[in-house]
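Architecture at a glance
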Amino acid sequence: MPTPARRDRPLARPSLSETQSRLLAYLLERVDGTAYLKAKYVADDLDLSSKEVGINMGILADRADDVTIEQWGRSSSTTWKVSARD
């Protein structure tokens, strides 16, 4: 007999990689409203490269329902505008 699914665990997001899931969790934890985040600082916090952050932020912009992500600027490090959805 199958064991019923536990409701207190977050649902798996099969369309996201482990890195994308970590990045999304990071964003959801830190963004209340709208925030502007530099890729290099996010990379430092998650032990990733700025390039990995940029690639995965672009993917999350298309796939994540919990946040809206826009590339905002490209100075010394790309800035991302992240807004939590209501």
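Structure shown above.
Residues numbered from 1 in each chain as written. Predicted model: local features only at pLDDT ≥ 70, side-chain atom pairs only at ≥ 80, totals over all residues. Heavy atoms only, no water.

1. Considerations on the pattern of salt bridges
Quick reminder of the rule: Salt bridge criterion: a side-chain nitrogen from Lys or Arg within 4 Å of a carboxyl oxygen from Asp or Glu. Relative accessibility decides the category of a residue: with a 1.4 Å probe and only protein chains considered, values under 20% of the type maximum give buried, values over 50% give exposed, and everything between is partly exposed.
Summed over all chains, the structure comprises one salt bridge. Across the salt bridge formed by Glu29 and Arg30, the nearest N and O atoms sit 3.0 Å from each other. On the basis of relative accessible area, Arg30 is assigned to the partly exposed category, the value being 42%.

2. Regarding the side chain of Ser83
Here is the rule: For helices the rule is a DSSP run of H or I covering at least 4 residues; for strands it is a run of E covering at least 2, with both sets numbered from the N terminus onward. By the criterion applied in these results, polar contacts are pairs of N or O atoms within 3.5 Å in which, for protein atoms, one can donate a hydrogen and the other can accept it, and in which residues neighboring in sequence qualify only through two side-chain atoms. It only takes one pair of heavy atoms within 4.5 Å for two residues to be counted as in contact.
As for its position among the elements, Ser83 is in strand S3 (residues 78-84). Taking the relative accessible area as the measure of exposure, Ser83 reaches 16% and is therefore buried. Separated by 3.1 Å, the side chains of Ser83 and Thr34 make a polar contact. Here Ser83 is in contact with Val31, Gly33, Thr34, Asp66, Val67 and Thr68, once residues within four sequence places are set aside.

3. As for the pairing of strand S2 (residues 67-74)
This is how it is decided: For two strands to pair, DSSP has to find at least two bridges joining them.
Sheet analysis places S2 next to S3, joined by seven bridges and oriented antiparallel. Along S3, the bridge assignment pairs Gly73 with Thr79. Between the end of S2 and the start of S3, which pair antiparallel, lie three residues.

4. Considering the side chain of Thr79
The residue Thr79 is located in strand S3 in this model. We classify Thr79 as buried; its relative accessible area is 12%. There is a polar contact of 3.5 Å between the side chain of Thr79 and the side chain of Lys38. In this structure, Thr79 is in contact with Tyr36, Leu37, Lys38, Glu70, Gln71, Trp72 and Gly73, ignoring residues within four places of it in sequence.

5. Quick notes on the environment of Leu37
Note that Leu37 resides in strand S1 (residues 34-38). With 44 residues separating them along the chain, Leu37 and Lys81 place their C-alpha atoms 6.5 Å apart. If near-sequence neighbours (up to four positions away) are discounted, Leu37 is found in contact with Leu27, Val31, Val42, Thr78, Thr79, Trp80 and Val82.

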